[in-house]
Each structure stands twice: as C-alpha cells, then as structure tokens.
Amino acid sequence: DKVDAALNVFLAGDNTGTAIADVLFGVVNPSAKSPVTFPQHASDMTQPCPGLQCDYTEGLAVGWHGMEGKSVTFPFGHGLSYTSFDYSLLGVAATPSLAADATQDFPDECFEA
C-alpha cells in the first residue's frame, strides 16, 4: 500500500529492454492498460487446486468474471498515466463534399441467389 512506484511488464517481446529503459529514463510516458484484474484480497480469487483431482465448480466465474460485484484494486483494462493532455487552438475548415459523387456499380451476378 505504500510503494512509490511499480513496473509490471506483460506480453514482452523483442524490444522489451529498450521499452523499459525508455520508461525508466523518461523518454516515453509510463502508461498502460492492464490485461488482468488485480483483486483487493487474495481470497477473492479462484483458489488453486489443493490435490491431484480438481472440481472446478465456478464455471465461467474465473478471471475478471469472478471479480464481478467485488471491490478490486485495478480492474481489467485500467489505464495509468503520468501525463495530462490538453487540446487548444482547434479548428475546422470547410471543404466540398464528395458524398454526392460517391457511387459504386456492382455486376448483376453479385445479387444472384
């Protein structure tokens, strides 16, 4: 609960080292969308099988489905960023419409059953 920073890497690929270095040295904004749900309590998760034979009675209530109705630390798809974005000086220029000239002819065989 009192960690200054956390770096978690999912689905790492060939350029993972370069990407992590860019985040750590401030070249890019450290941001992400979580591919998993982080529960508040370990007991909220589907528990591992204690023996050799396992009866999974939770059905589809695994992963984020098992978190429905429960408080979570970070939900699936949660995004973090240390940057704020602002838009200014936006404008729209009038241009002629091309919609009137946009037609497409299809051969008759396209409509045969």
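Anything mentioned here points back to the structure above.
Each chain has its residues counted from 1, running along the sequence as written. Owing to the predicted nature of the model, reporting of local features is limited to residues with pLDDT of at least 70; listing and counting of side-chain atom pairs is limited to 80 or more, with chain, interface and lining totals taken over all residues. To get the side-chain values, take all heavy atoms of the structure and skip hydrogens and water.

Student: How would you summarise the packing of aromatic side chains if you had to cite specific residues and measurements?
Tutor: Centres within 6.5 Å are what make two rings of Phe, Tyr or Trp a pair, Trp counting through its six-membered ring; a difference in plane orientation under 30 degrees is then read as stacked, over 60 as edge-to-face, and the rest as tilted. Inspection of every chain in the model, using the stated rule, returns one aromatic pair. With a centroid separation of 6.4 Å and 90° between ring planes, the pair formed by Phe 38 and Phe 74 is classed as edge-to-face. Of this pair, Phe 38 sits in strand β2 (residues 38-39) while Phe 74 sits in strand β3 (residues 72-74), placing them 36 residues apart in sequence. Under the relative-accessibility criterion, Phe 38 is labelled partly exposed at 31%. Note on conventions: DSSP H or I runs of at least 4 residues are helices, E runs of at least 2 residues are strands, and numbering of each starts at the N terminus. Partly exposed describes any residue whose relative accessible area lies between the buried limit of under 20% and the exposed limit of over 50%, with all areas from a 1.4 Å probe on protein chains only and scaled to the type maximum.

Student: Residues and numbers for the state of the cysteines, please.
Tutor: Disulfides are defined as pairs of cysteine sulfur atoms found within 2.5 Å of each other. One pass over the full model with this rule turns up one disulfide. Between Cys 49 and Cys 54 runs a disulfide, and the two sulfur atoms are separated by 1.7 Å. In this structure, the disulfide formed by Cys 49 and Cys 54 twists by about -110° around the S-S bond and is classed as left-handed.

Student: Please provide a residue-by-residue account of a nonpolar patch on the surface, values included.
Tutor: Candidate patch residues must exceed 30% relative accessible area and have no salt bridge, after which like charges are joined if within 9 Å and Val, Leu, Ile, Met, Phe, Trp or Tyr side chains if within 5 Å. For accessible areas, the Shrake-Rupley method is used with a probe of radius 1.4 Å. Any residue's cover is judged against the shown protein chains and nothing else. Definition used for salt bridges: Asp or Glu carboxyl oxygen within 4 Å of a side-chain nitrogen of Lys or Arg. Where nonpolar side chains cluster on the molecular surface, the patch consists of Leu 7, Val 9, Leu 24, Phe 25, Val 27 and Val 28 and spans about 630 Å² of accessible area. Checked against the element boundaries, Leu 24 lands in helix α1 (residues 16-24).

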